[in-house]
Number of protein chains: 2
Amino acid sequence: MDTETLKKRIEVARGARKADLVIKNCRIIDVFTPRIYEGEIAIADGVIAGVSGPYEGEEEIDAGGAYACPALIDSHIHVESSYVTPEELGRLLVPHGTSTILADPHEIVNVEGIKGLDYMLSAAKRTALDIRYLLPSCVPSTPFEHAGCTLDAAMMEEPLYRKEILGLAEFMNYPGVVNCDPEVLKKLTLAMNEDKLIDGHAPGLSGNDLMAYAAAEIHGDHECGTVEEMQEKLSLGMYILLREGSACHNLRTLLKGVTKDNARRCLLCSDDLQTKTIFEEGHIDKDLRICVQEGLDPLTAIRMATLNAAECFHLEHQGAIAPGYRADIVLFEDLRDFHAKSVFLKGVLTAEDGKYLPKVTREDITPMTGSIHLKDFSKEKLKMHLPSGHVKAIEILPGGVVTGSKVVDVDLDSEGEFVFDPKKDVCKIAVVERHQGTGNVACAFLAGYGIQKGAVAVSIAHDSHNIICAGVSDDEIAFAVREIEKIGGGMAVVEGGKVLAEMALPVGGIMSDQSGETVRDELARIHDITWENLSIHKEVEPVMTLTFMSLAVIPSLKLTDEGLFDVDSFQFTSILA
Amino acid sequence: MDTETLKKRIEVARGARKADLVIKNCRIIDVFTPRIYEGEIAIADGVIAGVSGPYEGEEEIDAGGAYACPALIDSHIHVESSYVTPEELGRLLVPHGTSTILADPHEIVNVEGIKGLDYMLSAAKRTALDIRYLLPSCVPSTPFEHAGCTLDAAMMEEPLYRKEILGLAEFMNYPGVVNCDPEVLKKLTLAMNEDKLIDGHAPGLSGNDLMAYAAAEIHGDHECGTVEEMQEKLSLGMYILLREGSACHNLRTLLKGVTKDNARRCLLCSDDLQTKTIFEEGHIDKDLRICVQEGLDPLTAIRMATLNAAECFHLEHQGAIAPGYRADIVLFEDLRDFHAKSVFLKGVLTAEDGKYLPKVTREDITPMTGSIHLKDFSKEKLKMHLPSGHVKAIEILPGGVVTGSKVVDVDLDSEGEFVFDPKKDVCKIAVVERHQGTGNVACAFLAGYGIQKGAVAVSIAHDSHNIICAGVSDDEIAFAVREIEKIGGGMAVVEGGKVLAEMALPVGGIMSDQSGETVRDELARIHDITWENLSIHKEVEPVMTLTFMSLAVIPSLKLTDEGLFDVDSFQFTSILA
């Protein structure tokens, strides 16, 4: 800030000088007191100078009596889960009234390390969306799998010291915190000593274990599944990020416990969001819609998406419409549908009626390509040599990423290998390590997927992003895995030696370099084919569901490249029941 | 923070290791949701580890069912106004449940410059009270007077860069902000570019001028006199510090506008607090009492004194009872009287039943002594040579520091000099410059003081702290001023060439080196004598009232060493009406 800029802002505020832009005829949402009042917004150099007026501007826009709301903040998201790059995600989210996202780039960092972080930072500069990054705290998310990078405390120092890095992203290794894992303690104290905040992730943690987690100064949590869990965490001083993503839908449940009194530490987030969801349902605007449908008053809902988030993440002078605040403003026609008519970011009209206005330029993805490294993979590696078909299966529980652990009886051939039975809803699932050339392949069983033929493979598998594949036979699985290798990462649906559908994800094997529309359409085609040709259950999202089957920090049973993992006891477990 | 300390805290939180201290049998006040619940507080290394239990501790204290409340925060205070030094003020405030004060040391800095700040910082280290300093922003408060230091933007750089300095203290020169004074803009941008907050002071400012002030990113204000003013400022994003001091009593008035919804940006402060007030009425505990008397629910009131203040001033992990928070806890027997039974600071029992427990050691005051520098002062300098007795008088309005401007007719002798008339409630007032040896003496008239004989002089005169003296004749005034010089700064009440009462203030001429009790008793004696011997009105605080008569940032009429100042038009004005 230089004195000339400040002088201009003050003079504009006083009405002594023309603003760059005046948004006239607004119903301004004041998130502080809170209230709605009629006014006009004078903007100078991207910052709000005044909010009552009358003001004159070099440019003047009539808002037609629309509600002027602070633009929305997503408090926790993984850009990579949209399968598009940061600059493309910006194009998709801004038209929904989003100004800012708090992003944890742990997917790409699991694949590419700090080089991946640097790519995300550079790509973010190409969008008007304000993408604020936290440093992935748990890469890999557990020591029980191989990723493309192991980010230990020593390696975290340099990026954590950067001013642009707000803090440590979701500290998923909550057992490591509670049990005082030495490396975990080093990471935590590193952040504390740099005055960086530490975001959390502790599904179902409660009682003295939760106390221990909070005592480590962990700041927030987006994993609450029940009102009771939310209230316990709020009471311990944690910010609660009410999540509404493509896979996880906690918002309606948690809203039953949100009151005007406790909402001040409640925020909204998506965590993982597919392009299809964005196009069909929206982003944080959708969350506001849900809040109002569930009976929360609109101003409390808006506070969660604006001021509360800005306070939580120390985003000074954001999240409100007031003098000195960044001119991130969305015009809504009503406070029920929250249709974003116009979106101003830093005082510039950036989206109108669903359309992102700036030209999108693309960050070079070359450094992020070529990320699939298989060593001596073959069908032979899928063999299980089981002594019994009485086994534990990972059970899909639709509508979330938590899995059950189900005991099933599967058919085996004479060599102890799985034989698919169309009457039993159990298939084989394999994880193939693709970063370090370990040659690791682990197999297990998956119940509730519905697949009747072929296989589905994908090089996204949270959070290490090995190749995960579910199929009815080793032939189908091996073919699908090879296809992923061939396209340099992505998704593939195969049957009988044929590729039925696929989508390349050249950016680290986890993101497309195509538009959101292309990704949506290709993914829709993949979904349709899995549902129709492979008979996967309609209530199961066929690809994203698979991508969470490796995530050894979400209960209860998961498969990493090292084997079947019991998240509840936090150790590997036998396939045999 | 080292990993061993964190490990211990986590283990204590889990109940796997003994705490240093457990406060058992509490009703814990959770300021987050907010609610009250039964629990016990486990403390490790001065930080709260856990809040439910059961816990074991090396030491265990039974709270007997008392309310465990986060210790209280005074969001804006001038230590110097208590007339005692920082370490002594700590002794007085902590027993009332105060853990933290946000202090603006602008009185001593006006006298001694950055040397004064350094003294205050050092002295603060000798008390368990957490004294957090902001850098005085307006020294002198206006360019219309002489202080011991002129702190320009260039001189502010070094202290503002210090980590221990939280930001810029009350930016009193609001006309300078609104009118874009170049030096003011430099100071403001200096703070912004260092990410330091800027506290405010803008009594009565509203409309587009207030907008301009807020646009300069000014963060808070403690000068609201009406609910409407408070609401306007809150709505512009400013934190509102509801003030209840010895001289200014805004709390009850403003509470009429405080709601659960808007309270989140409301805080409590004292601004200026005399020892007598502390002994008789308390500190922020008194404010809580008033809040509840006025019908505010206790949890909202407590939030204002704890969490809200911590958020406003970025005091991370303070202001709440939760794991990871500093163990600053006050035990209250009820939430009506707010009698502080025990006060724990950083986990150590620091006060009990009104008594401060640590031994008080004193900072060396030598560098702060010898601050009275008069040049060629004599009775002759008090002459006014008035052509007419139809004059403006500064009118005392009891209960605040705002003055009126009243037209009065005074008697003059043949040389145009004031002749006191016991039937008219008008006396003479003089300001004698005492820092730079300018020899400046300015005189004017004071209405509503009640004085019938003698004079009262004091070397505290906000904010430049020249000598201010009110009396019935030049003889009395000159004698009183000389007495102040003789005692090295302080207060004196004189009559007919005799000193009736006095108190030395050797620390910069504004603070005593004695105990709070001594200061209280000496001041009480001074008050009694002024009321009884000099007939000063009982409803007027005879000394503090005088000390605000120079403060050219508080409406309406004031006297500096350069002359009579009209605060409303922000310029010097003639004494003649």
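This brings us to the overall build of chain A. Broken down by element type, chain A carries 17 helices and 30 strands. By the compact-globule yardstick of 25 Å for 577 residues, chain A fits well, its C-alpha radius of gyration being 24 Å. When contacts within chain A are restricted to residue pairs at least 6 apart in sequence, those whose partners lie at least 24 apart make up 69%. Accessible area of chain A: about 17900 Å², with a carbon and sulfur share of 47%.

With an RMSD of 0.0 Å, the fit of chain B onto chain A corresponds to turning through 180 degrees and sliding 0.0 Å along the axis. In short, the pair behaves as if placed about a two-fold rotation axis. Most of the interface of chain B is mirrored in chain A, where 100% of its interface residues again form contacts.

So, on to the nonpolar core. In this structure, Ile329(A) and Tyr449(B) are the most contacted members of the largest nonpolar core, which totals 210 residues. For Tyr449(B), the contacting residues outside a window of four places in its chain are Ile396(B), Asp425(B), Cys427(B), Val456(B), Ala470(B), Ile536(B), His537(B), Val540(B), Pro542(B) and Leu546(B). In this structure, Ala216(A), Cys291(A), Ala478(A) and Met511(A) belong to the second largest nonpolar core, which totals 209 residues.

On to the sheet that holds strand E12 (residues 239-243) of chain A. Residue and element names in this part refer to chain A. Sheet architecture is open: eight strands sit in the order E6-E7-E8-E9-E10-E11-E12-E13, paired in parallel fashion. In the strand order of this sheet, the two ends are held by strand E6 (72-77) and strand E13 (266-269), each with one partner. On average, each strand axis in the sheet is tilted by 30 degrees relative to the strand beside it, whichever way the strands run. The sheet contact formed by E6 and strand E7 (residues 98-103) spans four bridges and is parallel. Bridge pairing in E7 links aspartate 74 to isoleucine 101. The sheet contacts of helix H2 (residues 86-93) involve E6, E7 and strand E8 (130-135), and relative to E7 the element is tilted by about 140 degrees. The strands that helix H5 (residues 153-161) touches are E8 and strand E9 (165-171); relative to E9, the one it contacts most, it runs at about 135 degrees.

The full count for this structure, using the stated rule, is seven cavities of 30 Å³ or more. Reported here for the largest cavity is a volume of approximately 570 Å³. If you trace the largest cavity, you find 39 residues lining it, with Glu311(A), His314(A), Tyr239(B), Glu311(B) and His314(B) closest to the centre. A total of four residues in the lining of the largest cavity trace back to one element, the largest contributor, which is helix H14 (residues 307-312) of chain A. In terms of residue class, the lining of the largest cavity is built from 21 nonpolar, ten polar and eight charged.

This paragraph deals with the confidence of the model for chain A. Per-chain confidence: chain A averages 96 in pLDDT, with 100% of residues scoring 70 or above. ipTM for the predicted complex: 0.93, alongside a pTM of 0.94.

The next subject is the environment of Pro298(B). All names here are of chain B. Assignment of secondary structure puts proline 298 in helix H13 (residues 298-305). Put simply, proline 298 and isoleucine 29 are 269 residues apart on the chain and 10 Å apart in space, counted from C-alpha to C-alpha. Excluding anything up to four places from it in sequence, proline 298 contacts Val292, Leu335 and Phe338.

Moving on, we come to the pattern of salt bridges. Pairs may arise between side chains of opposite charge once their charged atoms sit close together. Residue and element names in this part refer to chain A. Counted by the stated rule, this structure contains 82 salt bridges over all chains. Among the salt bridges present, the one from aspartate 20 reaches lysine 8, with a minimum N-O distance of 2.8 Å. Taken together, the positions of aspartate 20 in strand E1 (residues 19-30) and lysine 8 in helix H1 (residues 3-14) put the pair twelve residues apart, joining distant regions of the chain. Of the residues examined, lysine 8 reaches a relative accessible area of 15% and is grouped as buried. Here aspartate 30 ties to arginine 35 by a salt bridge, and the two come within 3.3 Å at their closest N and O atoms.

Calculation notes
Every chain is numbered independently, its residues counted from 1 as its sequence is written. By the order in which they are written, chains take letters starting at A while ligands take numbers starting at 1. Confidence filtering applies because this is a predicted model: local features only for residues at pLDDT of at least 70, side-chain atom pairs given and counted only at 80 or more, and all residues used for totals across whole chains, interfaces and linings. Hydrogen atoms and water are omitted, and side-chain values are computed over all heavy atoms in the structure. We count a stretch as a helix when DSSP gives it H or I for four or more residues in a row; a strand needs E for two or more, and each element gets its number in order from the N terminus. Computation of the radius of gyration draws on C-alpha atoms alone. For the globule rule, the value is 2.2 Å times the number of residues to the power 0.38. We call two residues in contact when some of their heavy atoms are within 4.5 Å. Using a 1.4 Å probe, the Shrake-Rupley method yields the accessible areas, and only the shown protein chains count as cover for residues. Alignment of copies: least-squares fit on C-alpha atoms of residues with pLDDT of at least 70 in both copies. Working definition of a nonpolar core: buried Ala, Val, Leu, Ile, Met, Phe, Trp, Tyr and Cys residues. They are joined through side-chain atoms within 4.5 Å. Partly exposed describes any residue whose relative accessible area lies between the buried limit of under 20% and the exposed limit of over 50%, with all areas from a 1.4 Å probe on protein chains only and scaled to the type maximum. Pairing between two strands requires that DSSP report at least two bridges joining them. Angular values range over 0 to 180 degrees, each being the angle between N-to-C directions of two axes fitted as lines to C-alpha atoms, with helices fitted over their stretch in contact. Here a cavity denotes grid points, spaced 1 Å and computed from the protein atoms alone, that fit a 1.4 Å probe unable to get out, and a pocket denotes an open set having protein on both sides within 12 Å along at least 5 of 7 lines; residues with an atom within 4 Å of a point are the lining. Grid points are joined across faces, edges and corners, and a volume is the space filled by probe spheres set on the points. Each residue is assigned to one of three groups, with Ala, Val, Leu, Ile, Met, Phe, Trp, Tyr, Cys and Pro labelled nonpolar, Asp, Glu, Lys and Arg labelled charged, and all others, Gly among them, labelled polar. What pLDDT reports is the predictor's confidence in each residue, on a scale of 0 through 100. Here, a salt bridge means any side-chain nitrogen of Lys or Arg that lies within 4 Å of a carboxyl oxygen of Asp or Glu.

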